[in-house]
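Remarks on the overall topology
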Amino acid sequence: MRLNIITTALLAVSLVAAADNSEIMAEAKTAFQEGRYAKAVELWQDLAMEGVTAAQFELAKAYSLGQGVEQDPLQASYWLEQAASNSTDFAELSAARRDIERGAEQLKAEQAAATVVSAPAPQRVATPSAVTSRPAQVSNTAELTLGTSNPAAALAAAQTSNQSQSEQNAAAERSAQETRADTPVATSNVSSVDVGSANFDTGMRAFNRENYSEALAQWLPLAQNGHRDAQYNLAALYANGHGVAVDFTEAANWFVAAAEQGMAAAQYHLALLFANGRGVSKDDAQAVYWYSQAADQQHVLAQYNLGYMYANGRGVTQDDRAALNWFEKAASQGDVDAQFIVANRYSDGRGTAVDMAQAARWLQQASAQNHTRAAYQLGLLYRDGNGVSKNDDTAFKLFLKAAEQGLAEAQREVGASYLQGRGIRANTTRAKEWLEQAAAQQDGDASYYLGMLLQQGSGRQEELSRAVALFELAASQGSANAQYQLGLCYANGTGVAVDEAQAFQWFEAAAQQGLAIAQYTVALRLANGTGTAQDDAAAVSWYQQAAAQGEVYAMYNLGFMYANGRGVPQDEQQAVYWYQKVAETGDADAQFNMGLRFETGRGVKQDDKQAVYWYQLAVDQQHSRALAHLGWLYEKGYGVPQDEARALALYQRSLDARVPRALTALGMFYKNGRLVKADDKKAVELFTQAAEQGYATAQYNLGWMYENGRGVGRDLIKARDYYQLAAAQDEPLAKAQLHRLLNP
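Position labels on residues start from 1 in each chain and follow its written sequence. Local features in a predicted model are, by the rule used here, given only for residues with pLDDT of at least 70; side-chain atom pairs are given and counted only at 80 or more, and totals for whole chains, interfaces and linings are based on all residues. Hydrogens and water are ignored here; the side-chain numbers use all heavy atoms of the structure.

What follows covers the overall build of the chain. A run of DSSP states H or I qualifies as a helix once it reaches four residues; a run of E qualifies as a strand once it reaches two. Both are numbered from the N-terminal end. A count of helices and strands for the chain gives 38 helices and 0 strands. With a 1.4 Å probe rolled over the protein chains alone, any residue whose accessible area is under 20% of its type maximum counts as buried; one over 50% counts as exposed, and the rest are partly exposed. Within the chain, the fraction of its 744 residues that count as buried is 52%. Residue pairs at least 24 apart in sequence account for 54% of intrachain contacts in the chain once pairs closer than 6 positions are excluded. Areas reported here follow the Shrake-Rupley algorithm with a probe of radius 1.4 Å; residue values treat only the protein chains shown as occluding. For the chain, the computed accessible surface area is about 31700 Å², with 47% contributed by carbon and sulfur atoms. Residues count as neighbours in contact if any of their non-hydrogen atoms are within 4.5 Å of one another.

Looking now at the side chain of Ser417. Checked against the element boundaries, Ser417 lands in helix α20 (residues 408-420). A residue is classified by how much of its surface remains accessible, and Ser417, at 1% relative accessible area, is buried. Definition of a polar contact: a pair of N or O atoms within 3.5 Å, with one able to donate and the other able to accept a hydrogen when the atoms are protein atoms, and with sequence-neighbouring residues admitted only if both atoms are side-chain atoms. Here the side chain of Ser417 touches Glu413 through a polar contact of 2.8 Å, landing on its backbone oxygen. Here Ser417 is in contact with Phe396, Phe399, Arg422 and Ile424, once residues within four sequence places are set aside.

This part is about the environment of Ala62. Tracing the backbone through its elements, the reader meets Ala62 in helix α3 (residues 53-65). Overall, the relative accessible area of 2% leaves Ala62 in the buried class. Along the chain, Ala62 and Ala38 lie 24 residues apart, while their C-alpha atoms are 9.5 Å from each other.

So, about α20. Expected helix span is given by 1.5 Å per residue-to-residue step, counting one fewer step than there are residues. Helix length check: α20, at 13 residues, gives a terminal C-alpha distance of 18 Å against a target of 18 Å (1.5 Å per residue), a fit within 8%. With 11 of 13 residues buried, α20 is to be regarded as a mostly interior element. Every buried residue of α20 is accounted for by Ala408, Glu409, Ala410, Gln411, Arg412, Glu413, Val414, Gly415, Ala416, Ser417 and Tyr418. Buried residues belonging to α20 abut α18 (372-384), α19 (392-404), α21 (428-440) and α22 (444-455).

It is worth spelling out the packing of α22 against helix α23 (residues 461-476) at this point. To describe two helices that pack against each other, one gives the angle between their axes and the distance between the axes. Taken N-terminus to C-terminus, the directions of α22 and α23 make an angle of 160 degrees; their axes are 8 Å apart at the nearest point. Between α22 and α23, the crossing angle belongs to the class labelled roughly antiparallel. Of the two elements, α22 crosses α23, and the hand of that crossing is left-handed. Along its contact with α22, which presents Gly444, Ser447, Tyr448, Leu450, Gly451, Met452, Leu454 and Gln455, the element α23 presents Glu463, Leu464, Arg466, Ala467, Leu470, Phe471, Leu473 and Ala474. Think of each axis as a best-fit line through the C-alpha atoms, taken over the contacting stretch in the case of a helix, with angles from 0 to 180 degrees between the N-to-C directions. Orientation labels follow simple angle bins: below 35 degrees gives roughly parallel, above 145 gives roughly antiparallel, 65 to 115 gives roughly perpendicular, and whatever is left gives oblique. Crossing handedness follows the turn of the near helix against the far one: under a right angle anticlockwise gives a left-handed crossing, and clockwise gives a right-handed one.

Let's shift gears to helix α15 (residues 320-332). Spanning 13 residues, α15 covers 18 Å between terminal C-alpha atoms, matching the ideal 18 Å at 1.5 Å per step. Within α15 the residues assigned to the buried category are Ala322, Ala323, Leu324, Trp326, Phe327, Glu328, Ala330 and Ala331. Where α15 is buried, its residues touch α13 (284-295), α14 (300-312), α16 (336-348) and α17 (356-368). Gly334 occupies a position one or two residues after α15 and carries a positive phi of about 95 degrees.

With that settled, the discussion passes to the packing of aromatic side chains. In this analysis, rings of Phe, Tyr and Trp, with Trp reduced to its six-membered ring, are considered paired at centre separations within 6.5 Å, and the interplanar angle assigns stacked below 30 degrees, edge-to-face beyond 60, and tilted for intermediate values. This model, assessed by the stated rule, comprises 23 aromatic pairs. Ring plane angle 80 degrees and centroid distance 4.9 Å describe the contact between Tyr289 and Trp290, whose orientation is recorded as edge-to-face. Across this residue pair, the class does not change: Tyr289 and Trp290 are buried. For the ring pair Tyr448 and Phe471, a centre distance of 6.1 Å and an interplane angle of 45 degrees mean the geometry is tilted. Of this pair, Tyr448 sits in helix α22 while Phe471 sits in helix α23, placing them 23 residues apart in sequence. By the burial criterion, Tyr448 is buried, and Phe471 matches it.

In this section: the pattern of salt bridges. The salt bridge definition used is simple: a Lys or Arg side-chain nitrogen within 4 Å of an Asp or Glu carboxyl oxygen. This model, assessed by the stated rule, comprises 28 salt bridges. Here the salt bridges share partners, and the residues they tie into one network are Arg383, Asp384, Glu413 and Arg422.

Note on placement: Gln737 falls in helix α38 (residues 732-742). A residue is classified by how much of its surface remains accessible, and Gln737, at 16% relative accessible area, is buried. For Gln737, the contacting residues outside a window of four places in its chain are Tyr700, Trp704, Glu707 and Tyr723.

Here we come to unusual backbone geometry. Here the phi dihedral of Glu210 falls at roughly 65 degrees; this positive angle occurs in a residue that is not glycine. Of note, Glu210 is situated in the loop between α8 (200-208) and α9 (212-224). Judged by its relative accessible area of 56%, Glu210 is exposed.

Now for the confidence of the model for the chain. Predicted confidence across the chain gives a mean pLDDT of 83, with 81% of residues reaching 70 or more. How sure the predictor is of each residue is captured by pLDDT, a score from 0 to 100. Here residues 87-92 scores under 50 on pLDDT; set against residues more than four positions off or in separate chains, the count is 11 contacts. In the predicted structure, residues 113-188 sits below a pLDDT of 50 and forms 180 contacts with residues beyond four places in sequence or in another chain.

We now examine the nonpolar core. Definition of nonpolar core: a set of buried residues of the types Ala, Val, Leu, Ile, Met, Phe, Trp, Tyr and Cys, connected through side-chain atoms within 4.5 Å. Counting residues in each nonpolar core, the largest one holds 102 residues, and the members touching the most others are Tyr543 and Tyr651. The next biggest cluster of nonpolar side chains, apart from the first, holds 97 residues, and it includes Leu270, Trp326, Ala374 and Leu381.

Bringing the packing of helix α30 (residues 588-600) against helix α31 (residues 608-619) into the picture now. Contact geometry for α30 and α31: axes closest at 7 Å, N-to-C directions at 165 degrees. Put simply, α30 runs roughly antiparallel to α31. By crossing handedness, the relation of α30 to α31 is classed as left-handed. The residues of α31 that touch α30, namely those facing Ala588, Gln591, Phe592, Met594, Gly595, Leu596, Phe598 and Glu599, are Asp608, Gln610, Ala611, Trp614, Tyr615, Leu617 and Ala618.

Following the sequence through the fold, Arg602 ends up in the loop between α30 and α31. Residue class for Arg602 comes out partly exposed when judged on its relative accessible area of 40%. Separated by 29 residues in sequence, Arg602 and Gln573 have C-alpha atoms that sit 8.1 Å apart. Among all residues touching Arg602, those that are not within four sequence positions of it are Ala563, Glu572, Val576 and Arg597. For Arg602, the side chain forms a polar contact with the side chain of Glu572, separated by 2.9 Å.

What follows is the structure, given as structure tokens:
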């Protein structure tokens, strides 16, 4: 079908027609780059009329942006459709369509600011990235529900004030297949030629010369006589205010005339009028009807908008399956925005079962058309191996493609890739460059990563302060990681003055979002009363939440809280439960605690073999206290065959831990010269270290050394004092020695 949408139409053969098309395109490109837009448009227009697809694309963009010509979205739409019908280059089509949409939005904003009613651009009902309806547009002319198939009768109906709304709605649902009446439209104050001398192409040439009144004069009698293309073009003249005042009601009259003759473009624009309430009463059911008529003729924008109507339950019962069906039809025709939406619906399982392979396939097609967000999302799939084979190289290339088009999330991923050496050689400098770009767009996660980089850099105060500012930006956007880091900054005075209360607030904000390390930190600060009131019960609650996420330190401290009855009733079995969970992760402290519990029978049945098992696991990690306790078990032969040599070696390795029982036992080895050379001074030194910690056996032995002058000068007073300390702890030998010393 020939598309005679309001256009610059068939001019005479250009004077430069003999020139090579590629040379003319090059000349036009040069003119455009030099700012000579009108010249570029002139050259593109000549080639476009000859059917050169590339020129048609460029002309569409020029009209959409008003560069070299008056901004005119309908003209842009015409040339885009002309180009699309001759091209399989969906990437160029997508780029041009986005330019047109931006131009339409810009035009609408400018006209709204001037309080001038705008013409209906051939725009979508929904934005490409999210299916949300645009605000309804209102005409400054009489509102009209199209109650008949005939434009003249429709105009008359608009002038009938006593027509009921129910009658309007009933008539509006009439089929497009009705026989049209031949009554000419009563277009007031418009000059026209006789129908016999009217010529459509003459009207097109007049239009291209911007002689709109002549174009209207040629098309009006043809339109009144049923010429479908003339009817459509008249509608567009009224919609754009070319040669006449903007009048959406009159535009609607002519759109319906062409629509009822089966013109898909007219059906689509008529549906837009109903959907937006421009020139007609807003009526989503009528919009759906006309979208359906055009969509059945493979009109891609109608298919897209019909998908939108089903997705949002406008004019029809909400139906995700039907929405997907129409979006997929538009996507199959190469509509890049539909491809992106279809991909997301397969990813989310809306209207279909979740199918990541299908999602990836549609994202692939949209990305091939330079859809920025599609490239980014496809990169995520390749990064994670979701619906496609994991491929970091491909993921990086896709992220880079989207990043170079300015998408902040993609710039962040490129930066992260350079940081981690994922799909590209690690390069901190390049990472910082990309993260800076994303952070400049207020991307929270990028700001967080950049802040971390600055903190790890030179340590200059200005960089640390900027890191705080970046964390604050990310934290204000809800980044739990940034909130946690901001808490650390205030806690440690990194880039900001120390403020424990502020630190707690940020830790708590991150904890409330479920960040396990933050939950643990909040619990620890509540337990210690740091930056907040001390509250063991609240601490236990946060420890429990962090522990449920596998935070090892939280599990360990939860065991401690149960063991000591802090914030919860004392419960040794619960303490063992949490210690064991931590011990099984390989934590040496927890392994030591498990050994201690089995050695003493606290919360478990006493079992020396189990004590040896857990102590040995901790010893394998050089846990000093475990060395000391395992040495004791080997010396006594508890849970293992007695082995004094191994015990001695373990005691010696545990000296840094200063475990009283081990110090005392090792002192006895030196006192008695057992397996080592006797050394009373060394024995006294070891006994003293243990006695100072209140260990009764060491106090007794130190008293004996003073009484007998072994390793120290004989001193009965000191001997008495140490015996008394030990006796106070019911040490039986100390009691006996003290009684003997005091009763000679």
